[in-house]
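Spelled out, the chains give:
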Amino acid sequence: MNPPLEEVTHMDNVKLSDDGRSVVIIDQTLLPNSLEYITLSTREEMFEAIATLRVRGAPAIGICAGYCAYCLALQAPHDSFDDFYSRWEEDCRFLNGARPTAANLSWALNRMLDVAEDHRDMPVETVLAALKRECAAIHEEDMEMCRRISEYGLSLLRDGDGVLTHCNAGPLATSRYGTGQGPLFLAKERGMDIRVFADETRPLLQGARLTSFELQRAGVDVTLICDSMASIVMKNGWVQCCMVGCDRVAANGDTANKIGTSGLAILAKHYGIPFYVLGPTSTIDMDCPAGENIKIELRDGEEIRSKFFAEPAAPQGVRCYNPAFDVTDNSLISAIITEKGICRPPYSESLKKLFE
Ligand code: MRU
């Protein structure tokens, strides 16, 4: 029996603890087999949770970073602003090193740092109150952003369409509904009939473990496929578009997202299928001119060699190359859907307009 739809779309995956001093997250590494919350109190626990993808997905990382920064501020010395700030800024810098590609991590931390700077001449208690408001605002804004992105995304779908997705950009990766998969939940809410094909997303299986879990619980018609099966699904005419999230969008529209996204976009171009990127403006990095300037996170080869297998699936010690993301060239993207509207090529112009 599926839970009510709202239980899936409005999942509380990141929040403050009841005493307001720690961050509580769903440990996404345990899904789909177990839905458990864990509490993050120290900066080491926070760093580890982000680096090992217990909390993941660019917007959720940003929301978590805001709450983590606030909780670390509570732990910093309170006697003078300078003592407070020098210790806390160091904590924020430390957290910022947890994952390099998702723009929302540094975006959220910088928002928190800016708020503290703006209250420099005030008592530390006042600074803390302002930081508490700011991390809550980051979270609330994300809910509104996701809702708008999902609405715009839904306007690109017709009843009966098939949609191919990659990785997880649903409620678990955000605050509500999601971005890349937000329209699919909204379609369900509106009674539309959408068929979804979810790439399993090697090597960490976000599509298998998280996307198919969320969509199935929501009662959406979802079929899980291996990444290598996307081509046959497209050739068979089963999907009318691809919808994916994003981790960092450069000023020219080049888009970093989960490894495998760019290959999907190349396939979609071959088969004449629209390829849509959905994400909040907080993921657009106007200081990053093009994809070649995006730092790609490299991860442990053990994720390919042995993780998720009862026994290692590859010879011990075999060299692995394990980039967590790749960059999709802007020429392959049919539209970038943000909370402010749908951007079409040329992206260097349409994205710029979002910030005017
Ligand atoms: O490594 P992950 O699981 O954090 O990667 C997530 C993705 O690539 C998502 O598509 C992206 O962050 C958008 S989430 C709304």
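We now turn to the structure provided with this report.

The rules we used
Residues numbered from 1 in each chain as written. Predicted model: local features only at pLDDT ≥ 70, side-chain atom pairs only at ≥ 80, totals over all residues. Heavy atoms only, no water. Helix = DSSP H or I, 4+ residues; strand = E, 2+ residues; numbered from the N terminus. Rg over C-alpha atoms; globule rule 2.2 N^0.38 Å. Buried < 20%, exposed > 50% of the residue type's maximum accessible area, 1.4 Å probe, protein only. Areas by Shrake-Rupley, 256 points an atom, 1.4 Å probe, with all protein chains shown as cover. Lys, Arg positive; Asp, Glu negative; His and termini not counted. Charge placed at Lys NZ, Arg CZ, Asp CG, Glu CD. 1 Å grid on protein atoms, 1.4 Å probe; cavity = no way out; pocket = protein on both sides within 12 Å on 5 of 7 lines; lining within 4 Å. Points joined across faces, edges and corners; volume = space filled by probe spheres on them. Nonpolar A, V, L, I, M, F, W, Y, C, P; charged D, E, K, R; others polar. Near = heavy atom within 4 Å. Polar contact = N/O pair within 3.5 Å; in protein donor to acceptor, adjacent residues only side chain to side chain. Sits in = over half its atoms within 2 Å of the grid points. Arc of directions from axis to C-beta. Contact = heavy atoms within 4.5 Å. Salt bridge = Lys/Arg side-chain N within 4 Å of Asp/Glu carboxyl O. Core = buried A, V, L, I, M, F, W, Y, C linked by side-chain atoms within 4.5 Å. Phe/Tyr/Trp six-rings, centres within 6.5 Å; stacked < 30°, edge-to-face > 60°. Lys NZ or Arg CZ within 6 Å of the ring centre and 35° of its normal.

### Regarding the overall build of the protein chain
Part 1 of the reasoning: For the protein chain, the count of helices and strands is 12 helices and 14 strands.
Part 2 of the reasoning: Its C-alpha atoms give the protein chain a radius of gyration of 20 Å, within 12% of the compact-globule value 21 Å for 356 residues.
Part 3 of the reasoning: In terms of its C-alpha atoms, the protein chain occupies a principal-axis envelope of roughly 65 × 50 × 45 Å.
Part 4 of the reasoning: Counting across all 356 residues of the protein chain, residues that qualify as buried make up 57%.
Part 5 of the reasoning: Total accessible area computed for the protein chain in this model is approximately 14800 Å², and 49% of it derives from carbon and sulfur atoms.
Part 6 of the reasoning: If you average the places of the 35 positive and of the 51 negative side-chain charges in the protein chain, the two averages end up 4 Å apart.

### Quick look at the layout of surface pockets
Part 1 of the reasoning: By volume, the largest pocket is sized at about 150 Å³.
Part 2 of the reasoning: Along its surface, the largest pocket is lined by Ala103, Ser106, Trp107, Asn110, Arg248, Ser282, Ile284, Asp285, Met286 and Asp287.
Part 3 of the reasoning: A total of 4 residues in the lining of the largest pocket trace back to one element, the largest contributor, which is helix α5 (residues 103-118).
Part 4 of the reasoning: Within the lining of the largest pocket, the residues separate by chemical class into 4 nonpolar, 3 polar and 3 charged.

### Topic: the site of the ligand
Part 1 of the reasoning: Taken together, 19 residues surround the ligand, and among them Arg56, Arg99, Asp247, Asn257 and Lys258 come closest.
Part 2 of the reasoning: The contact in question runs from an oxygen atom of the ligand to an N or O atom on the side chain of Arg99, over 2.8 Å.
Part 3 of the reasoning: Here an oxygen atom of the ligand sits 2.9 Å away from a polar atom, N or O, in the side chain of Gln206.
Part 4 of the reasoning: If the ligand stood free it would expose 410 Å²; the protein chains cover 100% of that surface.
Part 5 of the reasoning: Here the ligand occupies the largest cavity.
Part 6 of the reasoning: Put simply, the parts of the chain that give the shell around the ligand at least two residues each are α3 (58-75) and β9 (255-258).
Part 7 of the reasoning: Of the residues in the shell around the ligand, the class split is 8 nonpolar, 7 polar and 4 charged.

### Digging into helix α10 (residues 261-271)
In an α-helix, one full turn covers 3.6 residues, which means residues spaced three or four apart are oriented alike.
Part 1 of the reasoning: Of the positions making up α10, those classed as buried are Thr261, Ser262, Leu264, Ala265 and Ala268. Buried residues of α10, viewed axially, fall in a sector of 155°; they line one side. Away from its buried face by more than 90 degrees, α10 exposes Ile266 and His270.
Part 2 of the reasoning: Trailing α10 by a residue or two, Gly272 shows a phi angle of about 70°, which is positive.

### With respect to the environment of Val244
Part 1 of the reasoning: Within the secondary structure, Val244 is located in strand β7 (residues 241-244).
Part 2 of the reasoning: The spatial distance from the C-alpha of Val244 to the C-alpha of Gln181 is 7.1 Å, given a sequence separation of 63 residues.
Part 3 of the reasoning: Discounting residues that sit within four places of it in the chain, Val244 has contacts with His166, Gly180, Asn257, Thr261, Phe275, Tyr276, Val277 and Leu278.

### Digging into the pattern of salt bridges
Part 1 of the reasoning: If you walk through the whole model with that rule in mind, you get 22 salt bridges.
Part 2 of the reasoning: We note a salt bridge from Glu151 to Arg147, for which the minimum N-O separation is 3.8 Å. Of this pair, Glu151 and Arg147 both sit in helix α6 (residues 124-154), 4 residues apart, which is roughly one turn of that helix.
Part 3 of the reasoning: Residue class for Glu151 comes out partly exposed when judged on its relative accessible area of 32%.

### Topic: the nonpolar core
Part 1 of the reasoning: By size, the foremost hydrophobic cluster in this structure holds 46 residues, and its most contacted members are Val23, Phe84, Trp88 and Leu131.
Part 2 of the reasoning: Those elements giving two or more residues to this core turn out to be β1 (14-16), β2 (23-26), α2 (43-51), α3, α4 (81-96), α5 and α6.
Part 3 of the reasoning: Per-element tally for this core: the top contributor is α3, with 14 residues.
Part 4 of the reasoning: Cys242, Val244, Ile273 and Ile336 belong to the second largest nonpolar core, which has 25 residues in total.

### A short note on the packing of aromatic side chains
Part 1 of the reasoning: By the definition in use, this model includes 6 aromatic pairs.
Part 2 of the reasoning: Seen in terms of ring centroids, Phe81 and Tyr85 are 5.4 Å apart; in terms of plane orientation they differ by 15°. Their pairing is stacked. Of this pair, Phe81 and Tyr85 both sit in helix α4, 4 residues apart, which is roughly one turn of the helix. Tyr85 matches Phe81 in its accessibility class, with the two residues each being buried.
Part 3 of the reasoning: Ring geometry for Phe84 against Trp88: centres 5.6 Å apart, planes inclined by 15°, an arrangement best described as stacked. Taken together, the residues span about one helical turn, with Phe84 and Trp88 both in helix α4 at a distance of 4 residues.
Part 4 of the reasoning: Pairwise contacts between aromatic rings join Phe81, Phe84, Tyr85 and Trp88 into one cluster.
Part 5 of the reasoning: Above the face of the Tyr85 ring, Arg120 is positioned so that its terminal group lies 5.7 Å from the ring centre.
Part 6 of the reasoning: In this structure, Lys307 is placed above the aromatic ring of Phe308, and the distance from its NZ or CZ to the ring centre is 5.3 Å.

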